[in-house]
Amino acid sequence: MKLPASPFTVTDWSKVEATVHPGETGQALWRTLNIGDLRVRMVEYSPGYLADHWCDRGHVLYVLKGELDSELRDGRKFKLTAGMSYQVSDFGDAAHRSSTAVGATLFIVD
């Protein structure tokens, strides 16, 4: 990932308008800051959330609270809890999708 040229920016995430993204079940609330091709997000998954798609985009994802289950299309599964992260490049491994039984708050850069 190459960070685009940008000024020093402080973000108060509570003031960034949330957009709703329904999952197969549950929903995700995204607060997004776009800087050129870089997307920085604070994401909240509701309890019972299951993504409605497999994702091939690269991410740096950090779990702030809750639990996140990441499933790779090849069958591998990972449980992340608060303080854990994953990193994956665009098309760098099997496609992945997220779910959570209890809800999760994530910080994601992609």
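The model shown is predicted, which means the values in this text are computed figures rather than measured ones.

K.L.:
Kindly report on the pairing of strand β6 (residues 77-81), identifying the contributing residues and their values.
P.N.:
Both strand β5 (residues 59-72) and β6 contribute to a ladder of five bridges, which runs antiparallel. The residue of β6 that forms the bridge with Asp-69 is Lys-79. Once β5 ends, the chain turns through four residues before running back antiparallel as β6, passing Gly-75 with a positive phi of about 105 degrees.

K.L.:
Residue-level account of the packing of aromatic side chains, with values.
P.N.:
Any pair of aromatic rings gets described here by the distance separating the centres and the angle formed by the planes. Within the structure shown, the criterion is met by two aromatic pairs. Centroid distance Trp-13 to Phe-107: 6.1 Å. Interplanar angle 80 degrees. Geometry classified as edge-to-face. Taken together, the residues Trp-13 in the segment before β1 (18-22) and Phe-107 in strand β9 (residues 104-109) connect sequence positions 94 residues apart. By relative accessible area, Phe-107 is classed as partly exposed at 28%. Ring centres of Tyr-45 and Tyr-49 lie 4.1 Å apart, and the angle between their planes is 10 degrees; on these two criteria the pair is classed as stacked. As far as the burial class goes, Tyr-45 and Tyr-49 line up, both buried. Across from the ring centre of Trp-30, 4.3 Å away, lies the NZ or CZ of Arg-41, which sits over that ring.

K.L.:
Outline the environment of Phe-78, listing residues and values.
P.N.:
Along the chain, the position of Phe-78 falls in strand β6. On the basis of relative accessibility, which here comes to 41%, the residue Phe-78 falls in the partly exposed class. As a C-alpha pair, Phe-78 and Ser-98 span 20 residues in sequence and 9.8 Å in three-dimensional space. The residues contacting Phe-78, other than those within four sequence positions of it, are Leu-68, Asp-69, Ser-70 and Leu-72.

K.L.:
Outline the pairing of strand β2 (residues 27-35), listing residues and values.
P.N.:
A regular strand places its side chains on the two faces of the sheet in alternate fashion. Where β1 and β2 come together, five bridges link them in antiparallel fashion. Paired with Pro-22 across the strands is Gln-27, a residue of β2. The loop that links β1 with its antiparallel partner β2 comprises four residues; one of these, Gly-26, has a positive phi angle of about 70 degrees. In the sheet, β2 pairs with strand β3 (residues 38-45) via eight bridges, with the strands oriented antiparallel. Along β3, the bridge assignment pairs Arg-31 with Met-42.

Cut-offs used in this document
- Residues numbered from 1 in each chain as written.
- Predicted model: local features only at pLDDT ≥ 70, side-chain atom pairs only at ≥ 80, totals over all residues.
- Heavy atoms only, no water.
- Pairing = 2+ DSSP bridges.
- Helix = DSSP H or I, 4+ residues; strand = E, 2+ residues; numbered from the N terminus.
- Phe/Tyr/Trp six-rings, centres within 6.5 Å; stacked < 30°, edge-to-face > 60°.
- Buried < 20%, exposed > 50% of the residue type's maximum accessible area, 1.4 Å probe, protein only.
- Lys NZ or Arg CZ within 6 Å of the ring centre and 35° of its normal.
- Contact = heavy atoms within 4.5 Å.

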